[in-house]
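Report on the structure
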Amino acid sequence: MRYRSLSTVVSAILFTPLILFSLHIAGAQIMTSTNYQIESDSVNVGGGLSTSTNYSIESTAGEVGTGASDSVNYSLRAGYQQMQEVYISITGTSEVILSPAIPGVTGGESNGSTTAIVRTDSLSGYQLTIKAEGSPAMQKGADTIADYAPVGDPDYTFTTGATDAHLGFTPEGADVVQRFLNSGVTCNSGSSNDVSSCWDGLSTTAVPIASATGSNHPTGVATSIRFRVGVGDSAAQAPGTYTATTTVTALPL
Amino acid sequence: MIRFYTNIFIGTVCILVAQVAFAVSDTVTVSQVIGIDTTPPTIPVPVTVTPIASTQIDVAWGVSTDDQNLTGYRLFRDAVQIATTSLTTYSDTGLLASTTYTYTVEAYDWSFNISTSSAPVSTTTFPAPVIAPAPTSSAVASASTRVGSVLKTVQIETDKNSASISWETNMFIQYSLRWGRVSVYDLGFVRNDTFKKEHTTLIDDLEPGTTYVYELRAYTQSGTSYVLKKDSFTTESSPDTNAPSNVADLTATKEGDSVKLSWDNPSDTDFSKVRIVRNYNFYPLDPSNGFIAYEGTAESYFDAGVLSTYTAQYYTIFSYDETGNISSGAVIKVDKNDANIPETARENVDYQDSEQSTPGQNNTEHLDVDFSDVLVLQNNVRIDPVNEIVSIVTGLPVVIQIPYELLPEHLKTIVVTIQGTDDEPVSYMLRVNKDKSAFEAMIPSFAYSGEYSIAFSVYDYKTEILSVFDGTLLVKGMSALTQFTQQTAEIQLSVRTILIAVLFVFLLSSYALYFFVMRKRSGEDKHLGA
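Since the structure is predicted, the reported quantities are computational estimates derived from the model, not experimental observations.

The next thing to look at is the overall build of chain A. Looking only at helices and strands, chain A has one helix and 17 strands in total. Partitioning the contacts of chain A with sequence separation of at least 6, the portion at a separation of at least 24 is 69%.

Glancing now at the overall build of chain B. Within chain B one finds five helices and 31 strands. Split into buried and exposed, the 530 residues of chain B put 30% on the buried side.

Attention now goes to the sheet that holds strand E17 (residues 258–264) of chain B. All names here are of chain B. Across the sheet, three strands lie side by side as E16-E17-E20; this open sheet has antiparallel pairing. Looking at strand neighbours, the two that pair on one side only are strand E16 (248–255) and strand E20 (300–303), the edges of this open sheet. Direction aside, neighbouring strands of the sheet carry axes that sit 15° apart on average. Pairing of E17 with E20 involves four bridges; the strand directions are antiparallel. Of the residues in E20, the one forming a bridge with Ser 262 is Ser 300.

Bringing the sheet that holds strand E5 (residues 70–77) of chain B into the picture now. Residue and element names in this part refer to chain B. Taken together, the four strands give an open sheet; going across it, the order is E6-E5-E8-E9, and neighbouring strands pair in antiparallel fashion. Two strands close off the open sheet at either side, each with one partner strand: strand E6 (80–85) and strand E9 (121–124). In this sheet, neighbouring strand axes are inclined to one another by 30° on average, regardless of whether the strands run parallel or antiparallel. Sheet analysis places strand E8 (residues 100–109) next to E9, joined by four bridges and oriented antiparallel. Among the inter-strand pairings, Tyr 103 is bridged to a residue of E9, identified as Val 121.

Further remarks concern unusual backbone geometry. For the bond from A:His217 to A:Pro218, the omega torsion is 5°, close enough to zero to count as cis. Assignment of secondary structure puts A:Pro218 in the loop between strand E15 (207–212) and strand E16 (221–231). Notably, B:Asp249 is not glycine yet its phi reads approximately 50°, a positive angle. Overall, B:Asp249 belongs to the partly exposed group, with 14 C-beta atoms counted inside 10 Å. One non-glycine residue with positive phi stands out, namely B:Asn387, at about 55°. For B:Asn387, the position within the fold is in the loop between strand E24 (381–382) and strand E25 (389–393).

What follows covers the nonpolar core. If you look at the biggest cluster of nonpolar residues, it comprises 61 residues, and the most contacted ones within it are B:Ile317, B:Ile400 and B:Val416. There are two domains that each give this core at least three residues, and those are domain 3 (248–335) and domain 4 (352–476) of chain B. Setting aside anything within four residues of it in sequence, one finds B:Ile400 in contact with B:Val374, B:Val376, B:Val416, B:Leu430, B:Glu440, B:Ala441 and B:Ile443. Of all hydrophobic cores here, the second largest spans 41 residues; its members include A:Ile88, A:Ile130, A:Phe227 and A:Val229.

All names here are of chain B. Per-residue pLDDT for chain B averages 80, and the proportion of residues at 70 or more is 81%. Considering only residues more than four positions removed or in separate chains, one finds that residues 1–21, a stretch of pLDDT under 50, has 38 contacts. Throughout residues 342–365 the model reports pLDDT below 50, and contacts reaching past four residues in sequence, or to other chains, amount to 57 contacts. Reported confidences for the modelled complex are a pTM of 0.37 and an ipTM of 0.72.

Our next topic: the environment of B:Gln56. Residue and element names in this part refer to chain B. Looking at the secondary structure, you find Gln 56 in strand E4 (residues 56–61). Taking the number of C-beta atoms within 10 Å as the measure of exposure, Gln 56 has 22 and is therefore buried. The sequence separation of Gln 56 and Thr 194 amounts to 138 residues, and the corresponding C-alpha distance is 7.1 Å. In this view, Gln 56 contacts Ser 91, Asp 92, Thr 93, Leu 95, Thr 194 and Phe 195; residues no more than four positions away in its chain are not counted.

Residue and element names in this part refer to chain B. Of all six residues in E4, five are buried, a share of seventy percent or more. Here six bridges tie strand E3 (residues 47–53) to E4, and the two strands are oriented antiparallel to one another. The residue bridging Thr 50 from the neighbouring strand is Asp 58, located in E4. Taking the residues that link successive antiparallel strands as the turn, the E3-E4 hairpin has two residues. Taken together, the four bridges between E4 and strand E7 (residues 89–92) define a ladder with antiparallel strand orientation. Its bridge partner being in E7, Val 59 is matched across the sheet by Tyr 90.

Our next topic: the confidence of the model for chain A. All names here are of chain A. Here chain A shows a mean pLDDT of 81. Residues at 70 or above account for 74%. For the stretch residues 1–6, pLDDT sits under 50, and the model shows zero contacts to residues farther than four places along the chain or on other chains. With pLDDT under 50 throughout, residues 16–29 is counted as low confidence; its partners more than four residues away or in other chains account for nine contacts.

Right, let's talk about the environment of B:Asp186 for a bit. Here B:Asp186 is to be found in the loop between strand E11 (163–180) and strand E12 (188–191). Through-space distance from the C-alpha of B:Asp186 to that of B:Tyr214 is 9.9 Å; in sequence the pair is 28 residues apart.

In this structure, A:Ser189 sits in the loop between strand E14 (165–173) and E15. Here the alpha-carbon distance between A:Ser189 and A:Asp153, two residues 36 residues apart in the chain, equals 9.3 Å.

A separate point is the pairing of strand E29 (residues 438–443) of chain B. On any regular strand, side chains alternate: one points to one face of the sheet, the next to the other face. All names here are of chain B. By the criterion of burial, E29 is predominantly enclosed, with six of the six residues buried. Residue alternation in E29 divides its side chains into two sets, Ala 438, Glu 440 and Met 442 and Phe 439, Ala 441 and Ile 443, and both sets are buried. Bridging between strand E26 (residues 398–403) and E29 involves six bridges; their strand directions are antiparallel. Residue pairing in the sheet places Pro 403 in a bridge with Ala 438 of E29. Taken together, the two bridges between strand E28 (residues 426–432) and E29 define a ladder with antiparallel strand orientation. Residue pairing across strands places Val 432 opposite Phe 439, the latter belonging to E29. Between the end of E28 and the start of E29, which pair antiparallel, lie five residues, with Lys 436 showing a positive phi angle near 55°.

Rules of the game
- Residues numbered from 1 in each chain as written.
- Chains lettered and ligands numbered in written order.
- Predicted model: local features only at pLDDT ≥ 70, side-chain atom pairs only at ≥ 80, totals over all residues.
- Helix = DSSP H or I, 4+ residues; strand = E, 2+ residues; numbered from the N terminus.
- Contact = placed C-beta atoms within 7 Å.
- Buried ≥ 20, exposed ≤ 12 C-beta atoms within 10 Å, placed from the backbone.
- Pairing = 2+ DSSP bridges.
- Axes fitted to C-alpha atoms, helices over the stretch in contact; angles between N-to-C directions.
- Core = buried A, V, L, I, M, F, W, Y, C linked by C-beta atoms within 7 Å.
- Domains from an automatic or database assignment.
- pLDDT = per-residue confidence, 0-100.

Set out below in structure tokens:
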């Protein structure tokens, strides 16, 4: 009985550091909790001089990331793991010229679209937003075309009254947010992303139009943004070229 | 001694800072051209003004031209705009007698570029008419004889819900028009205040395929009135918009990785074809919601190797009529891993649980709909349940409806499954009907009497079950009178057959007897001769 207890104590003394060491080595990986995600970490042991016949290395322990230093021509990321930034890009967008020209007296509708391809390696995904530089978005000097104004959720069908002259948009793509999905009748309901449905108005506040919860690198995901101007036959819209400047922003999550 | 070093904290903070600062933006410019034309139209000339009555002047002008798109004209009376029109004539009414008015006209294009105003032109209305005394009987007769010479032509064009009546007279008149289904002309009345020779009026809100009578009356500038014409017209009939019945007795048999479907086509006289659509996710909700496996008039189809890629397939068979109306769809699911018969929609929703509960009640808490909300119609007559049992008859199709307002907007579809005591279950899809008042399916007529269970499965847009509930259909034979009539007809047919047979036997026997007698007599004659 006595020898058995002694054996147990000796075993504990010998194996406990090894177990703890193994646990810490295993902890060198990406970890997540409800609110946070650690994308890069490391656990280091010891350090010092190691030699062989041809080489010698002086390793370090407890590395420190110095941080970023930027100038006009260069950006320096000094220190341990400083280059591990999240990559995100937007490509594919272009100027949108709505077509056809709308007669000022009879009114009508014209359409156009652009596509934003977002690529990111962010493991938490991204969010794509759109906002207008002015209010209303579309202007020509003192003359303006109103922002489309649905009541609450976006309108499943773009509707123009006799006295309306307004600009609307709708996003289409695999990552479109719930507000622009539909049930075939109403928006912000259902899971369909019907073409030319769920119309909303631009705002100077950024409005989310697409989001994802994981990396899409390197292929990326395209979100098409469709714009439409509707002018009613009694709107008496002044002739000329109206312009809306919008900003599309992709934010890694 | 073993020492541990870590920089986990430092690394994490650095990454978070990098992410927040790394949003990318792009500017998108959206432009729209509204009527780029800046050149106004030409002046509308010449302008002519013609007094028509003491209260009316007709104005006419020449056509303007524009480099882009001439849109219309603005008419001014004494420098006040009184009308915009795309025509080149205008009847100005409500004027004062013996009064001079001045008119000008402007043309405008689609960009609201406006032409220079035409030169002003003036004229004076006629003096007020002398009111004629009340007509005597001879005057009325005289007016009647004058009708034929006043009305030159009448033309009526009808569609389903309206009629356009145009006519021409050989003098300027105002008119009134009354119409109705009988000669009291109680459905409508219009009267104009413009003296013209050519008139057109539109009567709408009419019923399709209905005959209407009308009376057209003229009012002259001298104040007299008389009937121009009494006649009738008939609106066009409505096209067929009724969906055909679904196919009946849809069954499926697995043969390895293949599936054989069998069904009975509907008996609708205008039935044209069926389309089989399959989908491995869910029952095809419409004829284009999946792979089109078959189209035609056959009553079976072999879907070879369809279970080799996906272990389960959902089928919907839509029937079409000659007009293109489509049934709600008969549905069935085939699962490769199910050792039993192919699954019906009822089995698919794990109906075992609901069968343990009380029939006629909603067995989930998601949706407050149960069998008492279901409308059952036969021959356009609603049949109310008695003790939660709906009694219907054989030989007539059955329409099943659930009012639209009872169901949520995010509803995807409803599947109803019907099963007799010894029959295989058959499932049908309920779709929103044409006036969007209900989810509806037309079930083929029942061939046999008996008690049938009827179960409903309500799916939301994620194809998840919102509700399952069931009820009972009690199918009876034809009514006693109908049965008696049929039995009488059958008896009459039997008696007629027996009479014909007896007559045939009688004639055959008579002929045989005649032949025997004649032959015997001929033998006796030969014997006497010898």
